[in-house]
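Per-entry structural report
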Amino acid sequence: MASSLNEVDDKIPSSLIDELQFDMDDDQPMIETSGAEKSLSSKASAQQSDTAEEVWRTIENNRVRFPMNRDDHREGLKRATTFKSPPGSEAGEVPTTDDSSKQSTPTSPTGTDGGGRDGESSDKEKAGRGSLENKTILKPSPSVGTSLLNLVNEGTGAKANGAENGSSSMMDEAWERLRSSFVYFQKKPVGTLAAVDPSAEALNYNQVFVRDFVPTALACLMKVPDPEPEIVKNFLLKTLHLQGWKKTIDNFTLGEGVMPASFKVMYDSFQEKDVLKADFGGSAIGRVAPVDSGFWWIILLRSYTKCTGDYTLSEKPEVQKGMKLILNLCLSDGFDTFPTLLCADGCSMIDRRMGIYGYPIEIQALFFFALRCAQQMLKQDTDSNRLIGRIERRITALSYHIRNYYWLDFTQLNNIYRYKTEEYSHTAVNKFNVIPESIPDWVFDFMPLRGGYFIGNVSPARMDFRWFLIGNCIAILSSLATPAQATAIMDLVEERWEDLIGEMPLKIAYPALEGYQWRIVTGCDPKNIRWSYHNGGSWPVLLWLLTAACIKAGRPQIAKRAIELVEQRLSKDGWPEYYDGKKGRYIGKQARKYQTWSISGYLVAKLMIENPSNLAMISLEEDKKIEKPRLTRSASWSCSSTLFPRISQVWQFSTFSQLLGCLNKRIIQILVRRCSLFHVSFTSLLLESLQVQPPL
């Protein structure tokens, strides 16, 4: 197949290939390269035609693939890259933390932590950098403005633990501070403190939060050259143990599958041993149980299994039971007419009253992600097969609902603006009876011609048009968003960079609630004042989610630009929890310093941008069995008004194939001639599948 692609590539005139290149925005900064890289790039450009076959072969050899059905769940959990065993260990053995480094108090070990401290370049660091063979080479989007060869050159220059562009000292500090936050239970690491800020009262920041630990776990799994999967495994087992506790709040017993929001390690002087104290929402703001904890637990279990290849953990009876309890809790029958989950305010990362009650996009995207992960990890037996059948039906319904009713771009906004109300019967277009006058004024200015996003909430007579970053990024990583929608989300981030990124990434929500709306929705919450905390605050931890989504969508240059902004201030400011202000210029009014997930979020972002194959731990490929929505064509597709418009990565092959079935071979030959303007692989696929001779 690769050779046929190259043959077709050679036949296409260079002028037609140039037409496929999208113009870069004038204000988009170019990626700086060293003199040696520039020289190498110029030589590569001169020899591009000679090396095209070699580049395509490299891509095919290093591409990460995922299974599309549950029968291949084991193959789907195999990691694309393997750990390099430390000296003295047997091949294939998962590296673990040395027992001598474990202490009952969270102190940083004196040994090297993989960050290259004390000027040790050593053989370990060189081994961790990896070669082109163990990195995923992603084809750039046409809007990137860089050639494929340049991307290959960038991939070969990746450094271990961020020792590139002078950021090694910041990476070293991050690893050291991350280790200082480790929490130990019976001399084994089981998690990390939420923050280690000696200048502020501990409150509940001295606990291990499930959602907070996720980026820390990913950093430990991605760490080179010596990953630390032991702390992740211990965390998964301890939280699973806590799930089995009886959960009672004010004489009301919670569901059996509820996972804790956090836990704390305490020393019982009477029993003379460490004990765990869990919080299932009884101590949280608003006393709301965490809906997202169970989803993050399933997602992290899949990440651990895929990274280590340790299937024994996910196949343990108690782990299988824990997954089933979470899924049964979410898939139980009720009065809902929608496949989405009904939630209360404060049930996720936004754990205060912020008007996200109903069906928030963050919970729906995590729900979809967890369902697909569980689909791969559930063992094949009679009981599990029934549950898997329910999962498959829910995934299909949920994806249809979110992709159709939550999606907003310029065309859809115009359609909603023209909605008729009080429609009855199954033919209604305005299915939720949304009043067009309820559309806020800011949306019309915020929505660009190119771009789109999943809005915050959809329920009867209500649409929350706010942008929520977590929900949109998770939608991309779980493939809840179609390739077209993922591209449009990245377009929106670029078009509204100053609003969504600003001076310190990233806005958790946009825009902020102000004035009368703030008083009604938040209840005059003094912590969620405008452009602060959850109300439009900027959270550095979200950098890892943006980076993963950018790599998945083929737009890594967006993540690199955001990382550069973070590196200018985050360490100097003391790794704060969040930033305030419309542009994220000021350290948060009540932000804790040395926030653990701000540290680990930066580490994960750096490790993924340097080795994109790490994306496989936290990403799922699109399920071809799920029907894509029939979206109306809008500016998000960047198409011209000609009969055969120019297309990019968002081409829907299934729709075009249906069209070809109605045409005769003569018309197909005409289409093939026009298809020379499309991607080379599409033209080759068309010729092979239809057995049509290439046009002269």
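The preceding data block contains the structure.
Throughout what follows, the structure given in this document is the object of discussion. Note that this is a predicted model, so its numbers are computed, not measured.

**Focus: the environment of V458**
Along the chain, the position of V458 falls in strand β10 (residues 457–459). In sequence terms V458 and Y359 are 99 residues apart; their C-alpha atoms lie 6.4 Å from each other. The contact partners of V458, leaving out residues within four places of it in the chain, are Y359, Y405, Y406, F432 and M463.

**A short note on the packing of aromatic side chains**
Inspection of every chain in the model, using the stated rule, returns 21 aromatic pairs. Relative to W467, the ring of Y453 has its centre 6.0 Å away and its plane inclined at 65 degrees; by these criteria the two rings are edge-to-face. Placement of the pair is Y453 in strand β9 (residues 452–454) and W467 in strand β12 (residues 467–468), with a sequence separation of 14 residues. Judged by its relative accessible area of 0%, Y453 falls in the buried class. A network of ring pairs unites the aromatic residues W442, F446, Y453, W467, Y510 and W531 as a single cluster. The aromatic ring of W175 is capped on one face by K223, whose charged end is 5.1 Å from the ring centroid. Sitting over the face of the ring of W497, R561 holds its NZ or CZ atom 4.0 Å from the ring centroid.

**With respect to the sheet that holds strand β3 (residues 208–209)**
Here we have three strands laid out as an open sheet, ordered β3-β6-β7, and antiparallel in their pairing. Every interior strand has two partners, whereas the edge strands, β3 and β7 (273–279), have only one.

**Details of the side chain of D279**
Relative to the elements of secondary structure, D279 occurs in strand β7. Of the side chains bearing the opposite charge, R287 lies closest to the buried D279, which forms no salt bridge; the N-O distance is 7.5 Å. Of note is the side chain of D279, whose polar atom sits 3.0 Å from the backbone nitrogen of G281. A distance of 3.1 Å separates the side chain of D279 from the backbone nitrogen of G282, its partner in a polar contact. Look past the residues within four positions of D279 in its chain and what remains in contact with it is Q207, P260, A261, S262 and A284.

**Side note on helix α19 (residues 483–495)**
Compared with the 18 Å implied by 1.5 Å per residue over 13 residues, the 18 Å span of α19 between its first and last C-alpha is a close match. Within α19, eleven of the 13 residues are buried, leaving the element largely enclosed by the surrounding structure. Of all the residues in α19, the buried ones are A484, Q485, A486, T487, A488, I489, M490, D491, L492, V493 and E494.

**Let's talk about the nonpolar core**
Counting 167 residues, the largest nonpolar core has W297, I298, L542, W544 and Y602 as the members making the most contacts within it. Tallying contributions element by element places helix α14 (residues 361–377) first for this core, with twelve residues. The residues contacting L542, other than those within four sequence positions of it, are M349, L469, I470, L506, K507 and I508.

**So, helix α11 (residues 292–308)**
Here α11 is 17 residues long and its end C-alpha atoms lie 24 Å apart, about the 24 Å a rise of 1.5 Å per residue gives. Burial of α11 is extensive: 17 of the 17 residues sit out of reach of the surface. Directly beyond the C-terminal end of α11, a positive phi value near 75 degrees is found at G309.

**Some details on the pattern of salt bridges**
Pairs can form between side chains of opposite charge once their charged atoms are near each other. The tally for this structure, following the rule as stated, stands at 18 salt bridges. Notably, a salt bridge pairs K606 with E567, separated by 3.1 Å at the nearest N-O pair. With K606 in helix α24 (residues 596–610) and E567 in helix α23 (residues 556–569), the pair connects residues that are 39 residues apart, well separated along the chain. Relative accessible area serves as the criterion here: at 23%, E567 is assigned to the partly exposed category. Salt bridges linked by common partners bring R450, D491, E494 and R555 together as one network.

Parameters at a glance
Residues numbered from 1 in each chain as written. Predicted model: local features only at pLDDT ≥ 70, side-chain atom pairs only at ≥ 80, totals over all residues. Heavy atoms only, no water. Helix = DSSP H or I, 4+ residues; strand = E, 2+ residues; numbered from the N terminus. Contact = heavy atoms within 4.5 Å. Phe/Tyr/Trp six-rings, centres within 6.5 Å; stacked < 30°, edge-to-face > 60°. Buried < 20%, exposed > 50% of the residue type's maximum accessible area, 1.4 Å probe, protein only. Lys NZ or Arg CZ within 6 Å of the ring centre and 35° of its normal. Pairing = 2+ DSSP bridges. Lys, Arg positive; Asp, Glu negative; His and termini not counted. Salt bridge = Lys/Arg side-chain N within 4 Å of Asp/Glu carboxyl O. Polar contact = N/O pair within 3.5 Å; in protein donor to acceptor, adjacent residues only side chain to side chain. Expected span 1.5 Å × (residues − 1). Core = buried A, V, L, I, M, F, W, Y, C linked by side-chain atoms within 4.5 Å.

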